[in-house]
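So you can see what is in the structure, the chains are spelled out below.
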Amino acid sequence: MVLFMMADDSARSRRLEEYLKEIADDNMASLRLLYEETSAGVYSFTLSMLKNREDAEDAMQDVYLSIHRSAHLYTPMGRPMEWIMTVTKNICISKLRARNKLNPLSDEDKPIAFPDISRSEDRMLLNEALKILTDEERKVIILKTVAQLKHREIATVLGIPQATVRSKYRRALKKLKQYLTKGGAYRE
C-alpha cells in the first residue's frame, strides 16, 4: 500500500511537471488540466489564509495567472505541488498585506472545499470539526489531505520546521478523531 501511494505521488508529480513544462510553452489545455488537478488544494489553502470566499476565489485566479506567466521559471525537482503552494502562499500574503487586515471568518464563510465528500451532512460535520483546530493546524491538514503535500513540502510552504508540521498534523488528527468519535464534543 505504501509503495502504491509513493508510485502514485511520483506519477502525479511527473504529470504536474509535464503540465508546467507545457504551460511554459503557452499550452492552455495543460493549464486547464493543471487547474483541474490542483484547484481543490489551492482553493482550500487560499480560503484558510484569506478567511473569505471572494478573496480566496480572487487569489485562485491570481495563482493560475501567475503560474501561466512564470511556469518557465519552474525547475523540475519532483515537487511541483510545493512550488504551486508556495506561489499560492505568496499571493495570499501579498493580498493580506495590501488589505492590511486579517478578518476572522464569519460562520457562512467557514466551510472548506473538500470535493470528495458528497453528502452535505458529512461536509457540515467536517466543517464543524475543523473549527476546533488552530489556524495553523487547519492549514497543515488542508495541505496534507487536499493538496496532498508531504510533510517536508508543507514545512517549506508554511516556513516552519518539518518536526513542527508533523506534531501539528498528529495533534490535529487526534483532535478531529476525538471530536468525530465523541459526537461533536472536544476537550483539551
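Scroll up to find the structure.
Structure report, in brief. No experiment lies behind these values; they were computed from the predicted model shown.

Regarding the environment of Ile132
By secondary structure assignment, the location of Ile132 is in the loop between α5 (120-130) and α6 (135-145). With 43 residues separating them along the chain, Ile132 and Lys175 place their C-alpha atoms 7.6 Å apart.

Brief notes about the pattern of salt bridges
Using the criterion set out here, one finds twelve salt bridges in the structure. The closest approach of N and O atoms between Asp135 and Arg138, which form a salt bridge, is 3.5 Å. Of this pair, Asp135 and Arg138 both sit in helix α6, three residues apart, roughly one helical turn. What you see here is one network of salt bridges that share partners, running through Lys51, Asp135, Arg138 and Lys139.

Topic: the nonpolar core
Leu34, Ile67, Met85 and Leu143 are the most contacted members of the largest nonpolar core, which has 47 residues in total. Elements supplying a minimum of two residues to this core: α1 (2-24), α2 (28-50), α3 (53-70), α4 (80-99), α5, α6, α7 (151-158) and α8 (162-181). Look past the residues within four positions of Met85 in its chain and what remains in contact with it is Gly41, Val42, Phe45, Leu143, Ala147, Leu149 and Val157.

Side note on the packing of aromatic side chains
With the rule as written, the count across this model stands at two aromatic pairs. Ring plane angle 70° and centroid distance 4.9 Å describe the contact between Tyr35 and Tyr64, whose orientation is recorded as edge-to-face. Residue Tyr35 is located in helix α2, and its partner Tyr64 is located in helix α3; the two are separated by 29 residues in the primary sequence. For Tyr64, a relative accessible area of 7% translates into the label buried. The ring of Tyr169 carries the charged tip of Lys144 above its face, separated from the ring centre by 6.0 Å.

So, the packing of α6 against α7
As a packed pair, α6 and α7 sit with axes 10 Å apart at the nearest point and diverge in direction by 130°. Put simply, α6 runs oblique to α7. Like other packed secondary-structure pairs, α6 and α7 cross with a definite hand, here right-handed. Along the contact surface, α6 presents Lys139, Val140, Leu143 and Lys144, while α7 presents His151, Ile154, Val157 and Leu158.

Here we look at the packing of α3 against α4
The contact between α3 and α4 brings their axes to 9 Å, and the two run at 130°. Between α3 and α4, the angle is such that the two are oblique. Of the two possible hands of crossing, α3 and α4 adopt the one that is right-handed. Facing α3, whose interface residues are Asp55, Asp58, Ala59, Asp62, Val63, Ser66, Ile67 and Ser70, α4 presents Trp83, Ile84, Val87, Thr88, Ile91, Cys92, Lys95 and Arg99. Looking at the contact of α3 with α4, its residues break down into eight nonpolar, three polar and five charged.

Criteria and cut-off values
- Residues numbered from 1 in each chain as written.
- Predicted model: local features only at pLDDT ≥ 70, side-chain atom pairs only at ≥ 80, totals over all residues.
- Heavy atoms only, no water.
- Helix = DSSP H or I, 4+ residues; strand = E, 2+ residues; numbered from the N terminus.
- Salt bridge = Lys/Arg side-chain N within 4 Å of Asp/Glu carboxyl O.
- Core = buried A, V, L, I, M, F, W, Y, C linked by side-chain atoms within 4.5 Å.
- Buried < 20%, exposed > 50% of the residue type's maximum accessible area, 1.4 Å probe, protein only.
- Contact = heavy atoms within 4.5 Å.
- Phe/Tyr/Trp six-rings, centres within 6.5 Å; stacked < 30°, edge-to-face > 60°.
- Lys NZ or Arg CZ within 6 Å of the ring centre and 35° of its normal.
- Axes fitted to C-alpha atoms, helices over the stretch in contact; angles between N-to-C directions.
- Parallel < 35°, antiparallel > 145°, perpendicular 65-115°, else oblique.
- Left-handed = near helix turned anticlockwise from the far one by under 90°.
- Nonpolar A, V, L, I, M, F, W, Y, C, P; charged D, E, K, R; others polar.

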